[in-house]
Amino acid sequence: MGDFVIDPGTAGRISSDEPADSLSSAATNDRTTHFVLMLGVAAAASGAAGLIHAVAVGIHADTPDLSRIFIVLAAAQVGAAALVISHPSRRSALALGSVNVLAVVGWVVTRLVGISFVGGLEVAERPQFADGTAAAFAAVAVIGVLSSLGLRSENSARLPIMIPAMLAAVLAIPAMVSASSHQHSGGDAAAHAHGDEPRAAAAIGSDDHDNHDDADATDAEPAAAVDDHGHADEAGQAASGEHVVHTDEVAAASPTWPRPWDPTAPIDISGVEGVSPDQEARATALIENTLAVLPQFADVTTLGPLGFRSIGDESTGFEHYINTGYINDELFLDPSAPESLVYEVDGDARTLVSAMYIAKQTPIDDPVLVDYGGPLMQWHVHLNLCWGLDDSGVPKVMGVTDDNGGACPPGTINAGGENPMVHVWIAPHECGPFAALEGHGAGQAAADDGARTDQCNHESGDGHGAHDEAQTVPYDPELPIDLGGVPGVTPQQQAYAENLVAATVRDLPQWADLDAVKAAGFKSIGDASTGHEHFIQWDWIDDDIVLDPDYPESLVFEPQPDGTKTLVSAMFMMPSGTPLDDIPDFGGALMQWHVHGDLCFTDQPDAPLVAGLKPVGTDCAPPLVNGTLAPMIHVWIRKHECGPFAALDGIGAGQVPDGEEHLCDTAHGGH
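Overview of the structure. Everything numeric here is computed off the predicted structure, so don't read it as measured data. (Residues numbered from 1 in each chain as written. Predicted model: local features only at pLDDT ≥ 70, side-chain atom pairs only at ≥ 80, totals over all residues. Heavy atoms only, no water.)

## Structural notes on empty space enclosed by the protein
Which parts of space are left empty comes out when a probe the size of a water molecule is rolled across the atoms. Rule in force here: Cavities and pockets are defined on a 1 Å grid built over the protein atoms alone: a cavity is a set of grid points where a 1.4 Å probe fits but cannot escape, while a pocket is an open set with protein on both sides within 12 Å along at least five of seven lines, and lining residues are those with an atom within 4 Å of any such point. Grid points are joined across faces, edges and corners, and a volume is the space filled by probe spheres set on the points. Ten residue types, Ala, Val, Leu, Ile, Met, Phe, Trp, Tyr, Cys and Pro, are classed as nonpolar, four, Asp, Glu, Lys and Arg, as charged, and the remainder, Gly among them, as polar.
Taken as a whole and assessed by the stated rule, the structure comprises two cavities of 30 Å³ or more. Taken together, L590, Q592, C642, G643, P644, F645, A646, A647, L663 and D665 form the lining of the largest cavity. Here the residues of the lining of the largest cavity sort into seven nonpolar, two polar and one charged. Each pocket or cavity is described by its volume, and for the second largest cavity that value is around 30 Å³. V473, P474, Y475, D476, L479, P480, I481, D482 and L483 are the residues that line the second largest cavity. The residue inventory of the lining of the second largest cavity, partitioned by class, reads seven nonpolar, no polar and two charged.

The following block contains the structure:
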């Protein structure tokens, strides 16, 4: 080759004494080779991304919008790759690049802010291995296309696809396996576990979560050795760690369930009838894992950026924060991604006490749910909650359904209640680590008789049923009323309380006929779905008669399975606006009055219905109105575990005087 010189007539071009057409041909071949090589890389990467998205279609079948998006995206990425392979040109390159630009942009958006109008993508989700790998392949495809632009293409050139295609396939296989093994929470039974059998909670989750990388599944064989997560071995002993299962000291523990739960003590869920070794091991591992991981969410002020939103139920004493992104993900019973967090409310303070795991769109009797912990764990649903949007557009619980066809108040809807859920407590609870809340918070279980096995077994709870036999007698309306043995109660207060209970037991049954009750002007407030329905005679609240069973301001009926309603209690009320501090000490410490400053009613002067909740001290959102703020107290005409003056549980308990806790008179509880 001769010496190169600068041609003054073509500044910037290199000239040579070789023939010009020889140089042009060599440069063209180089550009064509570069062009087809870059397109080969782009096509291979696009096809790999499409295959990963195709695998993801099946696991998102429970979210139709998202599933359709994956179908279209997989077809577009694989189709564009095929087009480039068969017709390598700038047009086919631009088509492939456009498809993958959309894929990358969509992935970034769903990881940063979510897409509100696409089901399953409403909130931002954390990057995971499968979707991150697909996005990386799409980005490589875009880079390959950009690298090929500006180069001359030859349609007749053969695309060297084999090497990049083989490399892309090898890299895509782990992501495809990850996508296929992470079942969505909806669908068939296998969709609730990561593998062929349900796994212990310490192993459940995703390899995308660092805290689960070293977790091992519980084997189906009960004789498996104990691993680092506390799975039980053949002898029923526990693994090393702070929380252990089955020691010699507790091997003969009482088989009753539920029983009190203390997270600082060794875990004891042994000896429960009907619980298999596998179920006990899984339930134990779930408790241990929740205790270890959940406290990372202890600071309620950090929840907003993580996607958690309060459902506005703080007036019940417990506030739930829900992450809809975690409901829609593929994780199951994973404390690093809990669908809901439960905080105990004390004024402005919030203390994390429990996780509430939710299985999306799953029958409550799904074998994977039922068999996971057996009788130890009882999944429940909330079919009676009504939802609306607050001023910021955030979904909130606004009320409960009425007993007239289960309707919600105007402006609210009944939605999402079919998703089964279960609590795991990291705070002490008298009803065990999987206990349900009381009142509305208990939800509905699948038991045929309507009874729940995870609510309080008061005889084994902290103090419930414990009374000094020498000083107190359990309340029984069929026996002489004896409310003695309570410190600080004067003889006069005891006598007044006993006389009031005796008179109510004697005279209140005159109101047992519901037709007579309605004829006397009592109106239901529509709360039968709670298990207790209140009928109020609104004209009697502000009269001059108090604590008279002939003129009770309210009557409490208990709906029965056959549709009838049984009178169980009077609810006496003081005149509207009476301060709790101004109520005479009729019965002293035996009688605790309460108010309901958290209820909202429909605007019906003659028969208002409870239709929503609000924080105490605030006003109800129109069209709902504030209820009458009148102090009230129950007198039960049947046995009650918290004595004859017991308040209801949950929302029904209302608010008691400042500085007091809700009274449960276990000394006279009628167990």
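So that's the structure; there's more coming.
## Considering the pattern of salt bridges
We count it as follows: By salt bridge we mean one thing: a side-chain nitrogen of Lys or Arg within 4 Å of a carboxyl oxygen of Asp or Glu. Residue exposure (1.4 Å probe, protein chains only): buried if accessible area is under 20% of the type maximum, exposed if over 50%, otherwise partly exposed.
Taken as a whole and judged by the stated rule, the model has seven salt bridges. D268 is the partner of R259 in a salt bridge, and the nearest nitrogen-oxygen pair spans 3.4 Å. With a relative accessible area of 9%, R259 lands in the buried category. Note that D507 and R506 form a salt bridge whose closest N and O atoms lie 2.8 Å from each other. According to the relative accessible area criterion, R506 is exposed, its value standing at 60%.

## Overview of the sheet that holds strand 17 (residues 610-613)
The test is simple: Think of it this way: DSSP has to see at least two bridges between two strands before they count as a pair. Strands here are runs of E lasting at least two residues and helices are runs of H or I lasting at least four, both read from the DSSP assignment and numbered beginning at the N terminus.
Spatially, 17-16-18 is the arrangement adopted by the three strands of the open sheet, whose pairing is antiparallel. The open sheet is flanked by strand 17 and strand 18 (625-626), the only strands paired with a single partner. Alignment of strand 16 (residues 599-601) against strand 17, held across three bridges, turns out to be antiparallel. Across the sheet, the residue bridging to L599 is L613, located in strand 17.

## Looking at the nonpolar core
Across soluble globular proteins, you tend to see nonpolar side chains buried next to one another. Cut-off, in case you're wondering: Residues belong to one nonpolar core when they are buried, are Ala, Val, Leu, Ile, Met, Phe, Trp, Tyr or Cys, and are joined through side-chain atoms within 4.5 Å.
Core analysis: the largest hydrophobic core is formed by 52 residues, its most contacted members being L376, M377 and F434. Taken together, the elements giving at least two residues each to this core come down to helix 6 (277-293), strand 4 (318-322), helix 8 (324-327), strand 5 (340-346), strand 6 (349-358), helix 9 (367-373), strand 8 (385-389) and strand 10 (421-425). Sorting elements by how many residues they give to this core places strand 6 first, with six residues. Judged by nonpolar contacts, the second largest core, of 34 residues, contains V505, L508, F557 and A570.

## Notes on the state of the cysteines
The condition that has to hold: Pairs of cysteine sulfur atoms within 2.5 Å are what we label disulfides.
Scanning the model with the defined rule gives two disulfides in all. Through a disulfide, C600 is tied to C620; the S-S separation comes to 2.0 Å. Disulfide C600 to C620: torsion about the S-S bond roughly -95°, handedness left-handed. In this pair, C600 sits in strand 16 while C620 sits in the loop between strand 17 and strand 18, placing the two residues 20 residues apart along the sequence. Residue C642 pairs covalently with C664 via a disulfide, S to S 1.9 Å. Sign of the S-S torsion, about -80° for the bond between C642 and C664, identifies this disulfide as left-handed. Taken together, the residues C642 in the segment after strand 19 (632-636) and C664 in the segment after strand 19 connect sequence positions 22 residues apart. On the basis of relative accessible area, C664 is assigned to the partly exposed category, the value being 23%.

## A word on the sheet that holds strand 12 (residues 523-524)
What holds strands together in a sheet is hydrogen bonding between their backbones, with the strands either parallel or antiparallel. The strand order across the open sheet built from five strands is 12-13-14-15-19, with neighbouring strands paired in antiparallel fashion. Sheet topology places strand 12 and strand 19 at the edges, where each strand pairs with a single neighbour. Note: strand 15 (residues 565-573) against strand 19, five bridges, orientation antiparallel. Bridge assignment links F572 to a residue of strand 19, and that residue is I633.

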